Amino acid sequence: MTLKSTSALSGKRLLLIIGGGIAAYKCLDLIRRLRERGMAVRVILTRAGEKFVTPLALGSLSGEKVYTDLFSLTDEAAMGHIRLSREADLILVAPATANIMAKMAAGIADNLATTALLATDKPVMIAPSMNSRMWSHRASRRNLDQLRQDGIRVIGPGSGDLACGEVGVGRLAEVDDIVTALENFFVPTGPLTGKHILITAGPTHEAIDPVRYIANISSGKQGYAIARALRDLGARVSLISGPTTLADPDGIETIRVTSARQMLAAQQALPADVAVCVAAVADWRVAAEQGQKIKKQDGSLPTLPLVENPDILAMLSQKNDQRPGLVIGFAAETENISANATAKRARKGCDWIVANDVSSHDGQGVMGSDHNRVSLITAAGIEDWDRAPKDDIAARLARKIAAFFMAREEL
Ligand code: C5P
């Protein structure tokens, strides 16, 4: 059998936007591999990209005209930028430089590449590549966040030696990994293919009256990152999210709820192989929600009797036929992290607990930030993971979940 007939990329059309980074040369190999798999590749090369690879080389490998900023009026008549951006099944920006990411995040359209990106209604992926300081700069983090919110999928970057002589995060993902990410986009496959995973994320809001509620602080970022990481390993993911400002992640069934009781009802409708309860569910709600706004009265305080909310994690962990094969809870702790989390694992009956240190004693808070520091508590003991971006924690947890099933299936 040839690659062509077996690849998920066969017959698909890619618009490849090549930014101006030293890693642009890797696109030559990328195009060759994609063509071998039967994918049609049309290239837009930015002006900065032209400094690293030539339109001639790209044109020879892709077998198509390469579009650059020297795009003429004749070109525009034959293949307008709108058509260019829409006659593709997918757009990939590789290497995505800090500059192109910033323009995409802001919706700037000042050249052919960014105009095509703004004009498209097709899915977009980016493979960033830049110096590690540029990658970790607050502006780049903010732009990356925005791009994810806009439904853009991100491949890499990897870490290692950078062209600038430094070592760190910022290397363009390996060509093999880019090819796999594209294949996964069209036919999600990976170690978790065939598994259905349920994730709860974000806070819940428990109404007191029409304008007030009880809630825990939670941005939903860690839960959403876990949902994306599991999707990227081929799982079918259902994300049950409390109120957050985050957009529905691409390729994930997202069910929006407000209260703990709604979250419970949503998960009951979904049998799953794995449940990951990341949501910061409010422990209590008022016994009687008021239909009208409670009036403030001088000298007297309202009495608000509370009742306990259902414990979704504990209910999911109960031993019965419906129980997912792996139930994972989170524990946000401010002190005695491992002792409290170990006790919580036993009390809730879940298989693993991911304990977050949410104390901000070191000035490196967790809530709403892009970083987290966790310990994983299983029957085998405790693993302390280094402080890392929430995406990296998510990817590591997703790999652990995949390894759990691989070990079980090998038995
Ligand atoms: O008991 P505590 O709220 O600290 O437990 C945290 C873990 O339990 C998290 O995984 C959270 O998603 C889950 N939880 C739940 N339902 C609740 C309370 C917590 O699923 N009502």
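Remember, predicted model here, so these are calculated numbers, not experimental data.

K.L.:
A description of a nonpolar patch on the surface should follow, citing residues and the corresponding values.
P.N.:
On the surface, a cluster of nonpolar side chains totalling about 300 Å² of accessible area is made up of Ile22, Tyr25 and Phe52. Relative to the assigned elements, Phe52 resides in the loop between strand S2 (40–45) and helix H3 (55–62). The exposure class of Phe52 is partly exposed, given its relative accessible area of 37%.

K.L.:
Which residues make up the domain arrangement of the chain, and what values do they have?
P.N.:
On domain assignment, one finds that the chain holds domain 1 (13–186) and domain 2 (196–410). Taking only C-alpha atoms, the centre of domain 1 and the centre of domain 2 are 35 Å apart. Approximately 820 Å² of surface area, both sides summed, lies buried where domain 1 meets domain 2, with 33% of it carried by carbon and sulfur atoms. Viewed at the interface, domain 2 and domain 1 are joined by 3 salt bridges. Between Lys221 and Asp145 there is a salt bridge, with its nearest N and O atoms 3.5 Å apart. Connecting domain 1 to domain 2 are 3 residue pairs in polar contact (both at pLDDT 80 or more). For the side of domain 1 that touches domain 2, the secondary-structure elements that each account for two or more residues are helix H9 (138–149) and helix H10 (175–186). Broken down by element, the side of domain 1 that touches domain 2 gets its largest block of residues, 4 residues, from H9. A class-by-class count of the residues in the side of domain 1 that touches domain 2 yields 1 nonpolar, 3 polar and 4 charged.

K.L.:
Go over the pattern of salt bridges, please, and point to the residues and values.
P.N.:
Counting across every chain of the model gives 25 salt bridges. One salt bridge in this structure joins Arg37 and Glu183, with 3.4 Å as the shortest N-O distance. In this pair, Arg37 sits in the loop between helix H2 (26–36) and S2 while Glu183 sits in helix H10, placing the two residues 146 residues apart along the sequence. Its relative accessible area of 15% is what places Arg37 among the buried residues. Among the ionic pairs, Arg373 bridges to Asp357, the shortest N-O distance being 3.7 Å. Residue Arg373 is located in the loop between strand S19 (371–372) and strand S20 (374–378), and its partner Asp357 is located in strand S18 (residues 352–357); the two are separated by 16 residues in the primary sequence. Note on Asp357: relative accessible area 14%, which makes it buried. Where salt bridges share partners, they join Asp29, Arg32, Arg33, Glu36, Arg37, Asp176 and Glu183 into one cluster.

K.L.:
Could you give me a rundown of the pairing of strand S21 (residues 381–384), with the residues and numbers involved?
P.N.:
In terms of strand pairing, S20 meets S21 through 4 bridges, oriented antiparallel. Opposite Leu376, over in S21, you have Glu383 as the bridge partner. Where S20 folds back onto S21 in an antiparallel hairpin, the turn is made up of 2 residues.

Calculation notes
- Residues numbered from 1 in each chain as written.
- Predicted model: local features only at pLDDT ≥ 70, side-chain atom pairs only at ≥ 80, totals over all residues.
- Heavy atoms only, no water.
- Patch = residues over 30% accessible without salt bridge, like charges linked within 9 Å, V, L, I, M, F, W, Y side chains within 5 Å.
- Areas by Shrake-Rupley, 256 points an atom, 1.4 Å probe, with all protein chains shown as cover.
- Salt bridge = Lys/Arg side-chain N within 4 Å of Asp/Glu carboxyl O.
- Helix = DSSP H or I, 4+ residues; strand = E, 2+ residues; numbered from the N terminus.
- Buried < 20%, exposed > 50% of the residue type's maximum accessible area, 1.4 Å probe, protein only.
- Domains from an automatic or database assignment.
- Buried area = accessible area lost by both parts, 1.4 Å probe.
- Polar contact = N/O pair within 3.5 Å; in protein donor to acceptor, adjacent residues only side chain to side chain.
- Nonpolar A, V, L, I, M, F, W, Y, C, P; charged D, E, K, R; others polar.
- Pairing = 2+ DSSP bridges.

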